[in-house]
Amino acid sequence: QVQLVESGGGLVQAGGSLRLSCTASGRTFSTYAMSWFRQAPGKEREFVAGLGSGGSPYYRDSVKGRFTISRDNAKNTVYLQMNSLKPEDTAVYYCAGTQRSFRVYPEIYDYWGQGIQVTVSS
């Protein structure tokens, strides 16, 4: 069983930056597609950024040019660097992993972190 633990969230002013980390247990992390999702109050969970086991990163349009997803397989960790944050980025952020091929749909992910709050003040 894989466990995912997020860290790095918090409160930041608009225009600021945060870096989220998600560390996974298990020995096969490098084979997992990893993604970040977020869910704001009263809204559906939405895809933010994702990275296949050996592929290119994918981003939702609203974060392109501001967010960067990366992974360090030696540390079993995936990161989400968030720059130029906006109040509309406020949400609980979740990392998710799957051994299936990368997709933007949350239904295909087998493993989820507990979620971490990101709040951007105006």
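First, a word on what this report is: a plain description of the structure on this page. Being a predicted model, the structure only gives us computed values, none of them experimental.

**What about the layout of surface pockets?**
As a volume, the largest pocket reaches approximately 160 Å³. Forming the walls of the largest pocket are 13 residues, and the residues nearest its centre are R38, K43, E46, E88 and D89. Its residues assigned to classes, the lining of the largest pocket shows 2 nonpolar, 3 polar and 8 charged.

**Considerations on the side chain of S21**
Looking at the element boundaries, S21 is found in strand β3 (residues 18–24). Owing to a relative accessible area of 13%, S21 belongs among the buried residues under this scheme.

**Digging into empty space enclosed by the protein**
Applying the stated rule across the entire model yields 1 cavity of 30 Å³ or more. By residue class, the composition of the lining of the largest cavity is 6 nonpolar, 2 polar and no charged.

Calculation notes
- Residues numbered from 1 in each chain as written.
- Predicted model: local features only at pLDDT ≥ 70, side-chain atom pairs only at ≥ 80, totals over all residues.
- Heavy atoms only, no water.
- 1 Å grid on protein atoms, 1.4 Å probe; cavity = no way out; pocket = protein on both sides within 12 Å on 5 of 7 lines; lining within 4 Å.
- Points joined across faces, edges and corners; volume = space filled by probe spheres on them.
- Nonpolar A, V, L, I, M, F, W, Y, C, P; charged D, E, K, R; others polar.
- Helix = DSSP H or I, 4+ residues; strand = E, 2+ residues; numbered from the N terminus.
- Buried < 20%, exposed > 50% of the residue type's maximum accessible area, 1.4 Å probe, protein only.

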